[in-house]
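Each chain, letter by letter, is given below.
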Amino acid sequence: MRIKNKRLKDYKGVSKLAAKNFMKLEFLSKSQNEAFARVVVASFASQLDPTIEELADIKTAVSEAVTNAIIHGYEGKLGTVKIECSINNDEIEIIVIDEGKGIEDIETARQPLYTSKPELERSGMGFTVMETFMDRVDIQSRKDEGTKIRMMKRFVSNQD
Amino acid sequence: MLRLSFETISQNLIVRLDGELDHHTAEEIRNEIDKEIDKNNSKNIIFDLSNMNFMDSSGIGVVIGRYKKVSKLGGQAAVVHMNSRIERIFKMSGLLNIVKKYENKKQAIERL
């Protein structure tokens, strides 16, 4: 099925152009940059001809991952947040990287409504939102070294 | 960018949020809303989301925080003009179990 789809897609100029692409973004861990980051990733993703809904999914997931890096990774201190974004046919991969303090217990952090910072009025829904809006979310983290969140999404609208 | 505007009808504070609500803008508006509640002695709070173009989980924190504040004095919180996308995020967090959803502010004021 996939192979057949791929062959059909090869005849489509637009899909062919977007077959493989990559971009990298680096910015200071300031909360002003949350909006900047999600808009940049969304405009990179727009070459896949996503629906408005799919674009909003990407924006929301990126916003959550970047907010996590700023609040939890760097805890308000200044550091660098990196985003690497790859397009592979109809799929986008977004990796958000910080070199902050890391997540000690990933399993717990992923639980809906769990937050390590209730005093900041955090809802504890960050990872749940990412998991809902993206197809796949992987977290790699090491104490005092940082966190890498890898998110994948396939664009259904791009398939036919 | 997020624009905040207030309106008071009897003891209801209507908070209009136009723009994008994320962690950055949440930090900016939290205290302003609380000050307005105190200033007007508001009983209930109604969030008007007609022109909210974006919200992530930071928005959930803002709404829960304000709900806690008004409910301490027996008030309630509500949202009006919520689009399907924001409703999805509200539902995900169970927020609609504590915050009421109405079509418009007239309906909210009548029923709160």
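Everything below is about the structure printed above this text.
In this text the structure is predicted, and so the values were computed from the model without any measurement.

1. Overview of the overall build of chain B
Per the secondary structure count, chain B includes four helices and six strands. Listing every helix and strand of chain B by position from the N terminus yields β-β-α-β-β-α-β-α-β-α. Projecting the C-alpha coordinates of chain B onto the three principal axes gives extents of approximately 30 × 25 × 20 Å. Counting over 112 residues, chain B shows a buried share of 41%. The long-range fraction of contacts in chain B, counting pairs at least 24 apart against all pairs at least 6 apart in sequence, stands at 73%.

2. Focus: the packing of helix α4 (residues 52-73) of chain A against helix α6 (residues 126-133) of chain A
Geometrically, a packed helix pair is captured by the angle between its two axes and the distance between the axes. All names here are of chain A. For the pair α4 and α6, interaxial distance at closest approach is 9 Å and the crossing angle is 150 degrees. Between α4 and α6, the interaxial angle falls into the category roughly antiparallel. Considering only the axes of α4 and α6, their crossing is left-handed. For the pair formed by α4 and α6, the contact residues are D57, T60, A61, E64, A65, T67 and N68 on the first element and G126, V129, M130 and F133 on the second.

3. What to know about the nonpolar core
Residues and elements named next belong to chain A. Judged by nonpolar contacts, the single largest core of 60 residues is most densely connected at V41, A61, A65, V96 and M130. For this core, the element with the highest residue contribution is α4, accounting for eight residues. The contacts of A65, once residues within four sequence positions are left out, are V96, M130, I149 and M151.

4. Regarding the interface of chain A and chain B
In this assembly, 19 residues from chain A lie in contact with 18 residues from chain B. Put simply, the parts of the chain that give the side of chain A that touches chain B at least two residues each are α3 (33-45), α4 and α6 of chain A. For the side of chain A that touches chain B, the element with the highest residue contribution is α4 of chain A, accounting for seven residues. Residues that form the side of chain A that touches chain B fall into these classes: five nonpolar, nine polar and five charged.

5. A closer look at α3 of chain A
End to end, α3 of chain A covers 18 Å across 13 residues, agreeing with the expected 18 Å (1.5 Å per residue, within 8%). Every buried residue of α3 of chain A is accounted for by E34, A35, A37, R38, V41, F44 and A45 of chain A. Buried residues in α3 of chain A make contact with β1 (20-28), α4, β2 (80-88) and β3 (91-98) of chain A together with β2 (12-21) and α1 (23-40) of chain B.

6. Observations regarding the environment of R38 of chain A
Along the polypeptide, R38 of chain A turns up in helix α3. According to the C-beta neighbour criterion, R38 of chain A is buried, with 27 such atoms within 10 Å.

7. Comments concerning the sheet that holds strand β4 (residues 136-142) of chain A
All names here are of chain A. Spatial ordering of the open sheet is given by β1-β2-β3-β5-β4, a layout of five strands whose pairing is antiparallel. The sheet is open, and its two borders are formed by β1 and β4, each paired with just one other strand. Geometrically, the sheet is characterised by an average inter-axis angle of 10 degrees between neighbouring strands, direction not taken into account. Sitting on the sheet, α3 touches β1, β2 and β3, and the angle it makes with β1 is about 170 degrees. Contacting β2, β3 and β5 (146-154), α4 runs over the sheet at an angle of about 175 degrees to β5.

Rules used throughout
- Residues numbered from 1 in each chain as written.
- Chains lettered and ligands numbered in written order.
- Predicted model: local features only at pLDDT ≥ 70, side-chain atom pairs only at ≥ 80, totals over all residues.
- Helix = DSSP H or I, 4+ residues; strand = E, 2+ residues; numbered from the N terminus.
- Buried ≥ 20, exposed ≤ 12 C-beta atoms within 10 Å, placed from the backbone.
- Contact = placed C-beta atoms within 7 Å.
- Axes fitted to C-alpha atoms, helices over the stretch in contact; angles between N-to-C directions.
- Parallel < 35°, antiparallel > 145°, perpendicular 65-115°, else oblique.
- Left-handed = near helix turned anticlockwise from the far one by under 90°.
- Core = buried A, V, L, I, M, F, W, Y, C linked by C-beta atoms within 7 Å.
- Nonpolar A, V, L, I, M, F, W, Y, C, P; charged D, E, K, R; others polar.
- Expected span 1.5 Å × (residues − 1).
- Pairing = 2+ DSSP bridges.

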